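Each chain, letter by letter, is given below.
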Amino acid sequence: MSLMFSFLKKYRVAAILALLMMLIELTLELIQPYLISKIIDDGISKQYMPAVWLWGGILVGGTVIAFLAGIFSSFYASYASQGLGYDLRDALYRKVQSFSYSLFGQFATSSLITRLTNDVTILQDMLFMGLRFMLRMPLLVIGSSMMALIVNVKLGLLLVVGVPILLLFVMAIMKRAAASFERVQRRLDTVNNVMQENLTGMRLIRVFVRKQHERRRFEQHSSELMNDTVSALRLTETTMPFILFIMNASIIAVLWFGHRDILTGSASVGEVVAIINYSMRTMGALSAFSMIVASFSRARASAGRMDEVLTAEEAVHDAVVAQSTVGGQVYERAEQRNKRATRLDKTSTQSDQVAMRSDQASAQTNQVAMRPDQASAQTNQVAVRPDQASVQANQVDVQPEQASVQADQAAGQSTHVAARSNGAAAKSHVETVFRHPQPSASVGMQAAPITIQSSARYGEATGKDKHATDRAYVARSQQQTRDRVVFPGQTGHAAEVELQGVHFRYPDTERPILKDISFVARPGRMTAIMGATGSGKSSLIQLMLRLYDPNAGTICMDGQDIRLIEEHELRNHIGYVPQEIVLFTGTIRENIAWGNEHATLDEIQEAARIAQIHDTIVNLPGGYETRLGQRGVNLSGGQKQRLSIARALVRKPSLLLLDDSTSALDVRTEAKLLEELGQLSCTTVLITQKISSTIRADKVLLLQDGRLIAEGGHEQLLQASELYRRIYASQFGEEELQHVEGVH
């Protein structure tokens, strides 16, 4: 219950005023039996009317004040309880929104909904009852016992002796009831989960004629909820007959012994009436304990369930910190390399003394030098990483005025090469653009052999094949260089994504999903991932999004471990289209703008054009203002996918992740979409099962049982990978495969 008190601090003034008004009301209520005894003994018995009017007037005045105090107490108690409910719901909602993907999977959706609604309402009602009645009842019992002893000690003891017995009994019932109501809340979670599944899958249930089965399933869980609820309520209701038995026995004893004392003159009629009155009030207070016990027990269970959600993030945070501590030295070295590399870049940019001649660059980095006329035409600097011996093609690293190359300088030097230390470069802030195809001079380079990862240790590739594939990949990137056309309002750059020795398994499972995955997705290029169901493709995307963290290895974006990047900052640069399309109730424009709330109508329309959904939208009666049903029920599967792709594109991402997002598209539409995506400046990672998609990719990764068994271009995989050839033959036929092999 400490959870409730921590949130109640904000409303402590209202809670204190509610308790103060309740105490005033209770005090005046406890005085009333005593005043009645005075009216009887001093007025009625002696037939002295002034005493009747005096004590009667005080009684009426006290009753009016108690009535007003009760109204104010209810007002302040309502304010505090409603405010508590609002803050609890808001805190729970914010916590759920901040959950990591692994943590979110630990709680069922139906359970989270129950905690946000039913559990909060239970705690809210309990607070109101606590401020108005829960404290009032024990105070009324204690106060009645004390006043009974003040009126007449002998008769008062007959009332007091039964109170401890009742309190011990009630406490024992409360302890057992808490566990029962916790079980009831779990049953309620199950019923809500069944209802959610039925409402979500209503079409499927009807198509498969499973209504009777689902009805029996719902009735079963609903019956279990009813039985557990009845059992819990039956337990709490056992307090009522026991309390009535003890209290009625006490009243009979007071009447019996009071009659004898009146006859002997040791007690007056007014005293007996007052003690009977106190006994009745005590019995009423204790009788309400059954309701209080039930409410408190349910609130205790609900508070524990909400506390699980609110404190869950701390455990995950600690785990992340611990994981980061393990690799802390690695991260620190990476940061130091980044700082040194940044200083090197600045120095080389200011002094222009790091330029190498083309023959030196070729000898040191195994790269193909461009002709002088090509260097003067393209003016882009090629970044050479000494430790990787690979080139990031077409990456601009200096200011525009420094990037210009004079014709006479181009004749003497074929390209400027900026040396970087350990591959860690300062971030380049250039305009992110859309690029359109344009004929360009091809770079003379023969395709290198495909990298087939087949070593015994997780299928690790040999160094020779790895470098050969990197050279072929860079060459292909150079051959596909396009002129850049600035997209209005877009800033940023195409991200480079590198995975090194990544291993991963889902929490609470022993089976590894990914094993020693290493590859590089070059900036501005399209990388396709292909593999059988369960090979780990979607898991790989989830790691890039940092929905999960790898168990081993690193994932870097632009040379920076993504675990060192704030999640908000990381995901702001990523556009993601999930395998299961989720659309929200609202207009089409609102759904696309959901990816970027500040997007203009022109940007929304441009994203829709690229996603091949613009023409469909404008033909709708409401155009972009057409309202979508729940989860986009009034759209086809392909339209949902394209709308979801437009939502990702409007973010203008540096990295675009597509998780099998073209499966519902026809061949023609898919071809147009991939052509448009190929012209974007962002880096694209595409999960697909279609050879027609991998043909247009710059690099294809082939996964099998969580291992990267092959990577390279479409043509290379056809020559070197038996699995890829089987996939090709299954989609295009053996004759087409033989024809392609014959051509090559």
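The rules behind each value
Residues numbered from 1 in each chain as written. Predicted model: local features only at pLDDT ≥ 70, side-chain atom pairs only at ≥ 80, totals over all residues. Heavy atoms only, no water. Helix = DSSP H or I, 4+ residues; strand = E, 2+ residues; numbered from the N terminus. Buried < 20%, exposed > 50% of the residue type's maximum accessible area, 1.4 Å probe, protein only. Contact = heavy atoms within 4.5 Å. Areas by Shrake-Rupley, 256 points an atom, 1.4 Å probe, with all protein chains shown as cover. Core = buried A, V, L, I, M, F, W, Y, C linked by side-chain atoms within 4.5 Å. Patch = residues over 30% accessible without salt bridge, like charges linked within 9 Å, V, L, I, M, F, W, Y side chains within 5 Å. Salt bridge = Lys/Arg side-chain N within 4 Å of Asp/Glu carboxyl O. Pairing = 2+ DSSP bridges. Axes fitted to C-alpha atoms, helices over the stretch in contact; angles between N-to-C directions. Expected span 1.5 Å × (residues − 1). Polar contact = N/O pair within 3.5 Å; in protein donor to acceptor, adjacent residues only side chain to side chain. UniProt positions renumbered as here; feature names shortened; annotations may be inferred. Phe/Tyr/Trp six-rings, centres within 6.5 Å; stacked < 30°, edge-to-face > 60°. Lys NZ or Arg CZ within 6 Å of the ring centre and 35° of its normal. Parallel < 35°, antiparallel > 145°, perpendicular 65-115°, else oblique. Left-handed = near helix turned anticlockwise from the far one by under 90°. Nonpolar A, V, L, I, M, F, W, Y, C, P; charged D, E, K, R; others polar.

Side note on the overall build of the protein
1) Next: A tally of regular secondary structure across the protein gives 30 helices and 18 strands.
2) Next: Of all 744 residues assigned to the protein, the portion counted as buried reaches 49%.
3) Next: Residue pairs at least 24 apart in sequence account for 78% of intrachain contacts in the protein once pairs closer than 6 positions are excluded.
4) Next: Summed over its atoms, the accessible surface of the protein is roughly 37,100 Å², and 57% of this surface lies on carbon and sulfur atoms.

Quick word on the nonpolar core
1) Next: Membership of the largest hydrophobic core comes to 73 residues, with the highest contact counts inside it found for Leu123 and Tyr278.
2) Next: With 10 residues, the top contributor of residues to this core is helix 5 (residues 109-134).
3) Next: Look past the residues within four positions of Tyr278 in its chain and what remains in contact with it is Leu30, Pro33, Tyr34, Ser144, Met147, Ala148, Val151 and Leu159.
4) Next: Ile604, Ile610, Leu628 and Leu658 belong to the second largest nonpolar core, which has 47 residues in total.

As for a nonpolar patch on the surface
1) Next: Residues Val60, Val64, Phe67, Leu68, Ile71 and Phe72 make up a contiguous nonpolar surface patch of about 580 Å² in total accessible area.
2) Next: By secondary structure assignment, the location of Val64 is in helix 3 (residues 49-98).

Re unusual backbone geometry
1) Next: Of note, the phi angle at Gln47 is positive, near 55°, even though the residue is not glycine.
2) Next: Along the chain, Gln47 turns up in the loop between helix 2 (12-44) and helix 3.
3) Next: Phi at Gln612 is positive, roughly 65°, even though this residue is not glycine.
4) Next: Structurally, Gln612 is set in the loop between helix 23 (601-610) and helix 24 (614-618).
5) Next: The class for Gln612 is partly exposed, based on a relative accessible area of 21%.

Concerning the environment of Ala80
1) Next: With respect to the element layout, Ala80 can be found in helix 3.
2) Next: For Ala80, a relative accessible area of 0% translates into the label buried.
3) Next: Taking the C-alpha atoms as reference points, Ala80 and Ile16, separated by 64 residues in sequence, lie 9.8 Å from one another.
4) Next: Those residues within four positions of Ala80 in sequence are excluded, and the remaining contacts are Leu8, Tyr11, Ala14, Ala15, Leu127 and Leu131.

Here's the deal with the sheet that holds strand 7 (residues 497-504)
1) Next: The strand order 8-7-10-11 describes an open sheet built from four strands, whose pairing is antiparallel. A single partner strand is all that each edge strand has here, and the edge strands are strand 8 (514-521) and strand 11 (560-561).
2) Next: In the sheet, strand 10 (residues 552-557) pairs with strand 11 via two bridges, with the strands oriented antiparallel. When the bridges of strand 11 are listed, Met557 appears paired with Gln560.
3) Next: Most of the contacts of helix 20 (residues 537-544) go to strand 8, to which it runs at about 65°, and overall it touches strand 7, strand 8 and strand 10.

Notes on helix 26 (residues 667-678)
1) Next: Helix length check: helix 26 (12 residues) gives 16 Å between terminal C-alpha atoms against 16 Å at 1.5 Å per residue, within 8%.
2) Next: Within helix 26, the full set of buried residues consists of Thr669, Glu670, Ala671, Leu673, Leu674 and Leu677.
3) Next: Buried residues belonging to helix 26 abut strand 9 (526-531), helix 23, helix 25 (637-649), strand 15 (655-659), strand 16 (683-687) and helix 27 (691-694).
4) Next: Structurally, the start of helix 26 carries an N-cap: the backbone nitrogen of Arg668 is 3.1 Å from a side-chain oxygen of Asp666.

As for the pattern of salt bridges
1) Next: For the structure shown, the criterion picks out 29 salt bridges.
2) Next: Here Asp119 and Arg305 are joined by a salt bridge, their closest N and O atoms 2.7 Å apart. Of this pair, Asp119 sits in helix 5 while Arg305 sits in helix 13 (residues 289-326), placing them 186 residues apart in sequence.
3) Next: The buried category is assigned to Arg305, whose relative accessible area is 5%.
4) Next: In this structure, Arg187 and Asp228 form a salt bridge, with 2.7 Å as the shortest nitrogen-oxygen distance. Of this pair, Arg187 sits in helix 8 (residues 163-200) while Asp228 is found in helix 10 (residues 211-237), placing the two residues 41 residues apart along the sequence.
5) Next: Salt bridges sharing common partners tie together Glu25, Glu29, Arg132, Arg136 and Arg281.

Section: the UniProt feature "transmembrane region" (unreviewed entry) in the protein
1) Next: Within this structure's numbering, the places UniProt gives as "transmembrane region" (unreviewed entry) are residues 53-79, 133-151, 157-178 and 240-258.
2) Next: As a span, residues 53-79 carries 100% helix and 0% strand, and end to end its C-alpha atoms are 39 Å apart.
3) Next: Split by type, residues 133-151 is 95% helix and 0% strand. Its first and last C-alpha atoms lie 25 Å apart.

A look at the packing of aromatic side chains
1) Next: Tallied over the full model, the rule gives eight aromatic pairs.
2) Next: The interplanar angle of 70° and the centroid separation of 5.2 Å between the aromatic rings of Phe75 and Tyr76 together place this pair among those described as edge-to-face.
3) Next: Exposure remark for Phe75: the relative accessible area of 53% places this residue in the exposed category.
4) Next: Three or more aromatic residues link up through ring pairs in this structure, and these residues are Phe504, Tyr506 and Tyr548.
5) Next: Looking at Arg132, its charged tip hangs above the ring of Phe133, at a distance of 5.3 Å from the centre.

Quick notes on the side chain of Glu603
1) Next: Within the secondary structure layout, Glu603 lies in helix 23.
2) Next: A polar side-chain atom of Glu603 sits 3.0 Å from the main-chain amide nitrogen of Thr600.

Observations regarding the pairing of strand 8
1) Next: Counting buried positions along strand 8 gives seven out of eight residues, so the element sits mostly inside the fold.
2) Next: When strand 7 meets strand 8, the two strands line up antiparallel, connected through five bridges. Paired with Val497 across the two strands is Ala521, which belongs to strand 8.

What about the packing of helix 2 against helix 12 (residues 269-287)?
1) Next: At a minimum axis separation of 8 Å, helix 2 and helix 12 run at an interaxial angle of 160°. When the axis of helix 2 is compared with that of helix 12, the two are roughly antiparallel. Where helix 2 crosses over helix 12, the two elements pack in a sense that is right-handed. Contact with helix 2, carried on its side by Glu29, Leu30, Gln32, Pro33, Tyr34, Ile36, Ser37, Ile40 and Asp41, involves Val269, Gly270, Glu271, Val273, Ala274, Asn277, Tyr278 and Arg281 of helix 12 and no other residues of that element.
2) Next: Taken together, the residues of the contact of helix 2 with helix 12 sort by class into nine nonpolar, four polar and four charged.

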